[in-house]
Amino acid sequence: MKEETKRMSRRKALVALGSAGLGLIGAYWVKNRGIPTVEAAENSYAATQAGISANSVYNVKAYGAIGDSLNNDAAAINQAVQAAVSSGGGTVYFPTGTYRIRSGLTFPESVDLEFVNGARLIVDSGFNIYVYGGVKAGIYQIFEGGGRIFGEFNVPQVYPEWWGAKSGNNDSTAISSALEVLDPNGGRVVFSKGTYNITGTITFQGKNNIVLEGFGSVLSFQNVSLGLEIIGCTNFKMQGMELTGNFNSNNLVRFSGCDQVVVEDVKVKNCRRDENVAIVPLVFVGTTNVLLEKCHVENIDSKVSKISRGVYFSSVQGGKASRYITIRRCKFQNITPIDDGDAIHFLQQDNENGVVDGTIDAFIHDCHFIDCAKRGVKAQASGVTVQDCKFYDLNFQYEHYTAIAFHCSNSSAIRNTVRYNTCLIGIGANNHESLPQKNIQIEENVIEIAQTGSANQYGILFGSALSRWRCDNIRIRNNKLLGDKLFSAIQFTYGNDVTVEGNVAPSMACVIGQQDSNFKVTNANITGNIMKSLQLGVQQSVVSQNTVKGGGNGFDLLAVCANTELANNYIDTCKVGVNVRAGTRSIQITANRFVGNLEWDLRIDGDGHKLQRNEGLQKIYSVSGKQYQFDIRLSEGSTAPISGFWSAGDIFNNTSPTRLRNIGFWKCVSGGSGGQWMAFGCGYGTKNERDSVRLTKNDAGYQFKLNDGSGSLFVWDGTKWV
């Protein structure tokens, strides 16, 4: 059998292995959303070498090539190619020289080209060369001229220097040529150390298993509105390089309709354009399964349009949505201006009704956001998780708007740290243009705002009187809100089914609900928080096991409150412990403990309220003079109360019993202001000792037994012993 029939086609081997590899890679992405195995491209090339015999070498000068840049060497080179083909394949060798081509040439798959340093092909304008075999050359120029180089290079990697990159002021054509000759099923473009100047748009489309790899390389974009556009590629990786806009470019790289994209260890910097355009260096449109890892995006600014984004994800209008995004261990710094500068922005279009309502499934983890002007993360697409990230200032001189803005549903912010000098909203959103915010978790975050801003500042904020959308199923748990510069640590003003649990903000207020009956909060569970005060505008809700201390109104129940239980809370040293306003309905105040409140433990108005088993509830002010239903209330002191509102059956424990005045407790026998009391207990001693005991009418019922041997027992009737 002839040698050429024995040899397996390298191209067929690559296609076969590449197809199988893509299936495995795609399955891995769908299941794990991890890093695609771009090395599959290299492995496929290596696999094609198995069983291939050593090739013969055909020196083009042996076939008449001159290499003086003047004579047309096309015919001589073609003779070397044909000799290699007739022998079953081989290497066409180019020694030092400049070989001019004035006709078309094709190098088939069985023929490799080898260039020493100093050997070049000059292809004249109007002529094309097609290369389908391998190319062996170092990092130096081997192609030049106005003609075109086409084909599918069968090589592990391609260098833009082969087309003269870094030899002038414009490397766009060289880079584009390197991308163009990659095999559709896999290839790598290697950018060596140094700077590549890009002055126009480079478009790369429809190839798979592609790697753009840098080794200390810089891609410098000069006055471009779009630098590199990647369209319809699967399993694409960019790594180890710097992309700089030189303060005169806006969109550096855009991925459109791609799948399985990795951008790793890439630095993006210095993007600005003095025109009325948005500045967005990294754009992903309709692209799925994206990983950004160990990237650094900095110095992004729009002086004219006032719109900047570090990274932007969106859907194709009427088509494919971006989805399954992972951003981890990245840094975003100096994203300005304050007008509308966001480090990361997710925007998804609902193709049916044209509103922002799509799902993106994004995970942002362990990233740093430094001096990001308006927002660190803005989500106008559902399914976004921000976890273990840090948001802070270094040199920022203005007020931030929001660290994490959720204008979406099915999203979460977990274990993040926000430390700003000033910030309108730490986590949340109050934009009246946003869609309903549903199924959102805000858990275990630390928020600290160091200075008072020009407007009210909020730690966590959802819902707004400006919004036509309400928030449903919001979970705000175990967050720490530090300092005292926030107007409200947590504010939730409109929605249903909200849990506010285990949050700590000892120096700040919390507001759940508002005065407007058109924008109320229902089915709230407010449990186990430590706050300065809680203002409530809730219905069908439970407020339990909270601690409020040192506020004006510990609990301030607004007029919209109804059918709500206030139970097992600790209310300490507030001006007014619980303030129940006019218009409230059916509030049950049960088993709370009141300690040291300054003016009133309870200031109450409204209708249908009930008080049960509260401890230390002494100073009660009924604003309208109404009588409220009281169950047994437990309080304590050294004398029976003479003020406050009490109900029959209330118990007041004596904290200072003695042998002579051995009263265990007083029981209210007639309710009202001050109440009427009966004492329970029995002392003993001599008659003179009995008469020395100072008692009041509220001590009626107290007994005293003489120890003179007579065993006489006397009862105090409120004025005398009988």
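Residues numbered from 1 in each chain as written. Predicted model: local features only at pLDDT ≥ 70, side-chain atom pairs only at ≥ 80, totals over all residues. Heavy atoms only, no water.

Caption draft 1: Structural detail: the overall build of the protein. Looking only at helices and strands, the protein features 6 helices and 66 strands. For the protein, the share of sequence-separated contacts (at least 6 apart) that also reach a separation of at least 24 residues comes to 59%. Looking at the protein as shown, the accessible area adds up to about 28,100 Å², and 47% of this sits on carbon and sulfur atoms. (Helix = DSSP H or I, 4+ residues; strand = E, 2+ residues; numbered from the N terminus. Contact = heavy atoms within 4.5 Å. Areas by Shrake-Rupley, 256 points an atom, 1.4 Å probe, with all protein chains shown as cover.)

Caption draft 2: Up close: the sheet that holds strand β5 (residues 105-107). Reading across the sheet, the 3 strands line up as β5-β8-β11 and stay open at both edges, with parallel pairing between neighbours. Looking at strand neighbours, the two that pair on one side only are β5 and β11 (148-151), the edges of this open sheet. Direction aside, neighbouring strands of the sheet carry axes that sit 20° apart on average. Two elements, β5 and strand β8 (residues 128-131), share 3 bridges in a ladder whose sense is parallel. If you follow F107 over to β8, its bridge partner there is V131. (Pairing = 2+ DSSP bridges. Axes fitted to C-alpha atoms, helices over the stretch in contact; angles between N-to-C directions.)

Caption draft 3: Here's a closer look at the nonpolar core. Counting 156 residues, the largest nonpolar core has F153, L243, I327, F346, F369 and F406 as the members making the most contacts within it. For this core, the leading source of residues is helix α4 (residues 74-86), giving 7 residues. Leaving out residues up to four positions away in the same chain, I327 has contacts with L292, F313, F332, I344, F346, F363, I364, H365 and C367. The next biggest cluster of nonpolar side chains, apart from the first, holds 16 residues, and it includes F652, C668, V693 and F704. (Core = buried A, V, L, I, M, F, W, Y, C linked by side-chain atoms within 4.5 Å. Buried < 20%, exposed > 50% of the residue type's maximum accessible area, 1.4 Å probe, protein only.)

Caption draft 4: Structural view of the packing of aromatic side chains. Considering all chains together, one arrives at 28 aromatic pairs under this definition. Each ring, one from Y130 and one from F150, has its centre 5.5 Å from the other, and the planes form 25°; the classification is stacked. One end of the pair, Y130, is in strand β8; the other, F150, is in strand β11, and 20 residues separate them in sequence. By relative accessible area, Y130 is classed as partly exposed at 30%. Relative to F369, the ring of F332 lies with its centre 5.2 Å away and its plane at 10°, an arrangement referred to as stacked. Remark: F369 occurs in strand β28 (residues 368-372) and F332 occurs in strand β25 (residues 331-335); sequence separation between them is 37 residues. (Phe/Tyr/Trp six-rings, centres within 6.5 Å; stacked < 30°, edge-to-face > 60°.)

Caption draft 5: Structural detail: unusual backbone geometry. Here the residue pair T336 and P337 is connected by a cis peptide bond, since its omega of 15° sits within 30 degrees of zero. As for its position among the elements, P337 is in the loop between β25 and β26 (341-347). The phi angle at N523 is positive, at roughly 55°, despite the residue not being glycine. Within the fold, N523 resides in strand β44 (residues 521-527). By relative accessible area, N523 is classed as partly exposed at 39%.

Caption draft 6: The sheet that holds strand β9 (residues 135-136), seen in detail. Taken in spatial order, the 4 strands line up as β1-β3-β6-β9 in an open sheet, and their pairing is parallel. The open sheet has two edge strands with one neighbour each: β1 (56-59) and β9. As defined by bridge partners, β1 adjoins strand β3 (residues 90-94) across 4 bridges and the pair is classed as parallel. The partner of Y58 across the bridge, within β3, is V92. Of the strands in this sheet, β1, β3 and β6 (111-115) touch α4, which is tilted by about 160° from β3.

Caption draft 7: Molecular detail of the environment of G672. Structurally, G672 is set in strand β63 (residues 672-673). C-alpha separation for the pair G672 and S643, spaced 29 residues apart in sequence, amounts to 9.2 Å. Beyond its immediate chain neighbours, meaning those up to four positions away, G672 contacts G644, F645 and W646.

Caption draft 8: Just a nonpolar patch on the surface, in detail. Residues V669, M678 and F680 make up a contiguous nonpolar surface patch of about 240 Å² in total accessible area. Within the secondary structure, V669 is located in strand β62 (residues 663-670). For V669, a relative accessible area of 46% translates into the label partly exposed. (Patch = residues over 30% accessible without salt bridge, like charges linked within 9 Å, V, L, I, M, F, W, Y side chains within 5 Å. Salt bridge = Lys/Arg side-chain N within 4 Å of Asp/Glu carboxyl O.)

Caption draft 9: Focus on the side chain of K269. Mapped onto the fold, K269 is located in strand β19 (residues 259-271). Despite its burial, K269 pairs with no opposite charge; the closest candidate is E242, at 4.1 Å N-O. Leaving out residues up to four positions away in the same chain, K269 has contacts with E242, L243, T244, G245, E298 and N299. (Lys, Arg positive; Asp, Glu negative; His and termini not counted.)

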